[in-house]
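Letter by letter, the chains look like this.
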Amino acid sequence: MFGKDKNKEEEEIKRRQVKRFYLLLSTLMNELFEYAPKSGHIKMPYNVSFGLIHDKRDSILLKGTDQNTDKTLYLYNTRIIGQMFEGRREQMLNDNTTNTLFSWIGDVCSLYIRPFVYEHVVNTQHRGQAAAERTTRQIVRGFMDKLLNEPELKYVLDNIREADNDKSS
C-alpha cells in the first residue's frame, strides 16, 4: 500500500519538474526572440510561429508549415534539450554556484537563436560564419545580462527559485 502512494508521489514530482522545465524553456525562447531584434544585430523572421515539441528525431530544430495558417513553424526538440540538461545535471548538483546552470541556459539560448543569426548574417549581410558566431555570442551575452539584471525578466527564473523552495520545505 505504501509503495503505490510513493510511486504516485514520485510521478507527481516528476510531472511538476517536467512542467517547470517546459515553462523555463518556453519563457526563455519567448523573451529571447523578443530581445533579439531589439538588440539591432538581426532581424527575426516574421509571420512565423515558434514552439517546443518532444520528438524522437535527433534534430534540435524542426521546421515545417502550419496547414491551417500557412505560417512557417520552428519547433525545438525538448528531448534533445533535456538530454543536454541531464548531461550537465551532475555538474550542476556538485557546483555550489549557479555558474553551470547559467552556462546551460546560455547554450540553450544559443541553440534557439543561432539559425536565425546565421540566416541573417551569412545569407542576407553576406558576412562569414565567424561573424555569425560572434553575433550569436553577443546576443546571448546581452540577453543573459538582461535576464540576470532586469526586474521585468525576473519571472523567467522564478520557476527555478520555486523548485528550490519546494526542496527546502
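The structure displayed is predicted, hence computed values, not measured ones. (Residues numbered from 1 in each chain as written. Predicted model: local features only at pLDDT ≥ 70, side-chain atom pairs only at ≥ 80, totals over all residues. Heavy atoms only, no water.)

S.K.: Which residues make up the sheet that holds strand 2 (residues 61-65), and what values go with them?
M.R.: Reading across from one edge, 1-3-2 is the order of the three strands in this open sheet, with mixed pairing throughout. Since the sheet does not close on itself, it has two edges, and those belong to strand 1 (48-53) and strand 2, each with one partner. Neighbour to neighbour, the strand axes of the sheet diverge by 25° on average, direction disregarded. As judged from the five bridges shared by strand 2 and strand 3 (residues 72-77), these two strands associate in the antiparallel manner. Considered in strand 3, the bridge of Gly64 is made with Leu73. Those strands touched by helix 2 (residues 78-94) are strand 1 and strand 3, and its axis lies near 30° from that of strand 3. Helix 3 (residues 99-124) rests against strand 1, strand 2 and strand 3 of the sheet, and its axis sits at about 145° to strand 3. (Pairing = 2+ DSSP bridges. Helix = DSSP H or I, 4+ residues; strand = E, 2+ residues; numbered from the N terminus. Axes fitted to C-alpha atoms, helices over the stretch in contact; angles between N-to-C directions. Contact = heavy atoms within 4.5 Å.)

S.K.: Can you tell me about the layout of surface pockets, naming the residues and giving the values?
M.R.: Of the pockets and cavities examined, the second largest pocket occupies roughly 190 Å³. What lines the second largest pocket is Lys43, Met44, Pro45, Tyr74, Pro115, Phe116, Glu119, His120 and Thr124. In terms of residue count, helix 3 provides more of the lining of the second largest pocket than any other element does, five residues in total. Taken together, the residues that form the lining of the second largest pocket break down as five nonpolar, two polar and two charged. (1 Å grid on protein atoms, 1.4 Å probe; cavity = no way out; pocket = protein on both sides within 12 Å on 5 of 7 lines; lining within 4 Å. Points joined across faces, edges and corners; volume = space filled by probe spheres on them. Nonpolar A, V, L, I, M, F, W, Y, C, P; charged D, E, K, R; others polar.)

S.K.: If you had to explain the nonpolar core to someone new, which residues and values would you point to?
M.R.: The biggest cluster of nonpolar side chains holds 39 residues, and the ones touching the most others in it are Leu28, Phe33, Trp104, Ile105, Tyr112, Ile113 and Leu147. Secondary structure elements with two or more residues in this core: helix 1 (2-38), strand 1, strand 3, helix 2, helix 3, helix 4 (129-149) and helix 5 (154-168). The dominant element in this core, judged by the number of residues it contributes, is helix 3, at 12 residues. Those residues in contact with Ile113, other than ones at most four positions away along the chain, are Leu32, Phe33, Ala36, Ile42, Met44, Thr136, Ile139 and Val140. (Core = buried A, V, L, I, M, F, W, Y, C linked by side-chain atoms within 4.5 Å. Buried < 20%, exposed > 50% of the residue type's maximum accessible area, 1.4 Å probe, protein only.)

S.K.: Got a sec to walk through the pattern of salt bridges? Specific residues and values, please.
M.R.: Opposite charge on two side chains makes pairing possible when the charged atoms of those side chains draw close. Under the defined criterion, the tally for this structure stands at eight salt bridges. The salt bridge involving Arg88 is made with Asp107; its shortest N-O contact spans 2.2 Å. Separated by 19 residues along the polypeptide, Arg88 in helix 2 and Asp107 in helix 3 bring together distant segments of the chain. With a shortest N-O distance of 3.9 Å, Lys146 and Glu152 are connected by a salt bridge. The exposure class assigned to Lys146 is partly exposed, which follows from its relative accessible area of 26%. Judged by relative accessible area, Glu152 falls into the partly exposed class, the value being 47%. (Salt bridge = Lys/Arg side-chain N within 4 Å of Asp/Glu carboxyl O.)

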